[in-house]
Amino acid sequence: MTSVAADLTEVRAAAELLGFALARRARPVEGGQYRALLDRYRSELRFRDVVDTMAEGLGLEVLGTPRSGLVLAPDPAGPFATRLGDLRSTMDADDRLVFGLVLIGIAAYAYPTDADFDDPETRLVEVATIDGFIRAALGTLGSLAGVEGSAEERARAAAQVYADLPQLITTQTGRRARGCTLKAVEDVCGWLVEQGAAREAASLGPDTFHLTDRFRLLVADSAGGGALDALRGLRREDVP
């Protein structure tokens, strides 16, 4: 941050911008306050310094300012970190393993190469397609080498749990029921919508989702690990 102290008006504006970014579903529409503050961040170095410094103090990092708004990444040990333990209280250890596997499956399917992280083109994912992609990769994930407690070891365990689950169980009303992999993928896509990392593509069907720039930048910031790398490699084989 510059040596000149920020005045309270700038501090308040910076806090408002961070508040919009943390709201996740807020969008910087033309003529709105969010858009005005975002434009200030992009064009005024002093204001950007204030926002970045305030974000750092809150355990956040500004990753970028795409059309969808200010994208923040939380420090894993910070107060805004999202942890699998914060998900549904009814989720057991196996549910969390599957949830994590589906997350990296979506990331690998949408962004198989590093160049994809720089491409703002909207990526579409579909529930059955992601389920099929993960199922086709279970053998590869099951052969990952890693010490006990490592990400690779968790990926192997997740692959085993996923393989043991049926693809589809339905309720009496014909909806997907918990305990099948299609429902697990559906739940993760719904969670991404809640986080502002995806939007429902209603015109393309109830099972299709647009991934937002927020998701792209967050994946780019955290990309790495044997499981994600293996899935991205498999996806690259499928992409012309």
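Right, let's walk through the structure included here.

## Re the overall build of the chain
In terms of helices and strands, the chain carries nine helices and five strands. Secondary structure elements of the chain occur, N-terminal to C-terminal, as α-α-α-β-β-α-β-α-α-α-β-β-α-α. The proportion of buried residues among the 240 residues of the chain is 42%. Of all intrachain contacts in the chain linking residues separated by at least 6 positions in sequence, the fraction that spans at least 24 positions is 60%. Counting every atom, the chain has about 12400 Å² of accessible surface; 52% of that belongs to carbon and sulfur.

## Looking at the pattern of salt bridges
This model, assessed by the stated rule, comprises 16 salt bridges. Across the pair Asp116 and Arg123 runs a salt bridge, and its minimum N-O distance is 3.3 Å. Among the residues examined, Arg123 registers a relative accessible area of 14% and is labelled buried.

## Side note on the nonpolar core
Core analysis: the largest hydrophobic core is formed by 45 residues, its most contacted members being Val102, Ile106, Tyr162, Leu192, Leu211 and Phe215. For this core, the secondary structure elements donating two or more residues are helix 4 (93-110), helix 5 (127-142), helix 6 (151-164), helix 7 (181-194), strand 5 (208-211), helix 8 (213-222) and helix 9 (226-238). Broken down by element, this core gets its largest block of residues, 10 residues, from helix 4. Look past the residues within four positions of Phe215 in its chain and what remains in contact with it is Leu103, Ile106, Ala107, Tyr111, Leu192 and Ala197. Core analysis: the second largest hydrophobic core is formed by 17 residues, Ala14, Leu18, Phe47 and Leu60 among them.

## Some remarks on the packing of helix 4 against helix 5
Remark: helix 4 packs on helix 5, axes separated minimally by 10 Å, with the N-to-C direction vectors making an angle of 105°. Regarding the angle of helix 4 to helix 5, the classification is roughly perpendicular. Seen from helix 4, the contacting residues are Leu101, Val102, Gly105, Ile106, Ala108 and Tyr109; seen from helix 5, they are Thr129, Ile130, Phe133, Ile134 and Leu141.

## Details of the packing of helix 5 against helix 6
The geometry of helix 5 relative to helix 6 is characterised by a closest axis approach of 9 Å and an angle of 130° between their N-to-C directions. Relative to helix 6, helix 5 is oriented oblique. Where helix 5 crosses over helix 6, the handedness of that crossing is left-handed. Here Asp131, Ile134, Arg135, Leu138, Leu141 and Gly142 of helix 5 lie close against helix 6, whose contacting residues are Ala155, Arg156, Ala159, Tyr162 and Ala163. Class assignment of the residues belonging to the contact of helix 5 with helix 6 gives a composition of seven nonpolar, one polar and three charged.

## Considering the packing of aromatic side chains
Under the defined criterion, the tally for this structure stands at five aromatic pairs. Centre to centre, the rings of Tyr109 and Phe133 are 5.6 Å apart; their planes meet at 65°, and the pair counts as edge-to-face. Of this pair, Tyr109 sits in helix 4 while Phe133 sits in helix 5, and the two are 24 residues apart along the sequence. The two residues Tyr109 and Phe133 agree in class, both being buried. In this structure an aromatic cluster arises from ring pairing among Tyr111, Phe117 and Phe215. Sitting above the plane of the Phe47 ring, Arg40 keeps its charged end 4.1 Å from the centroid.

## Overview of the sheet that holds strand 5
With respect to topology, three strands assemble into an open sheet ordered 3-5-4, the strand pairing being antiparallel. The open sheet has two free edges, formed respectively by strand 3 (123-126) and strand 4 (198-200), since each of these has just one partner strand. Across the sheet, the axes of successive neighbouring strands diverge by a mean angle of 35°, strand direction being ignored. Relative to strand 5, strand 4 runs antiparallel, the two being bridged by three bridges. Residue pairing for strand 5: Ala198 is matched across the bridge by Leu211. On the sheet, helix 5 packs against strand 3 and strand 5 and is oriented at approximately 80° with respect to strand 3. Across the sheet, helix 7 touches strand 4 and strand 5, and the angle it forms with strand 4 is around 110°.

Conventions and cut-offs
- Residues numbered from 1 in each chain as written.
- Predicted model: local features only at pLDDT ≥ 70, side-chain atom pairs only at ≥ 80, totals over all residues.
- Heavy atoms only, no water.
- Helix = DSSP H or I, 4+ residues; strand = E, 2+ residues; numbered from the N terminus.
- Buried < 20%, exposed > 50% of the residue type's maximum accessible area, 1.4 Å probe, protein only.
- Contact = heavy atoms within 4.5 Å.
- Areas by Shrake-Rupley, 256 points an atom, 1.4 Å probe, with all protein chains shown as cover.
- Salt bridge = Lys/Arg side-chain N within 4 Å of Asp/Glu carboxyl O.
- Core = buried A, V, L, I, M, F, W, Y, C linked by side-chain atoms within 4.5 Å.
- Axes fitted to C-alpha atoms, helices over the stretch in contact; angles between N-to-C directions.
- Parallel < 35°, antiparallel > 145°, perpendicular 65-115°, else oblique.
- Left-handed = near helix turned anticlockwise from the far one by under 90°.
- Nonpolar A, V, L, I, M, F, W, Y, C, P; charged D, E, K, R; others polar.
- Phe/Tyr/Trp six-rings, centres within 6.5 Å; stacked < 30°, edge-to-face > 60°.
- Lys NZ or Arg CZ within 6 Å of the ring centre and 35° of its normal.
- Pairing = 2+ DSSP bridges.

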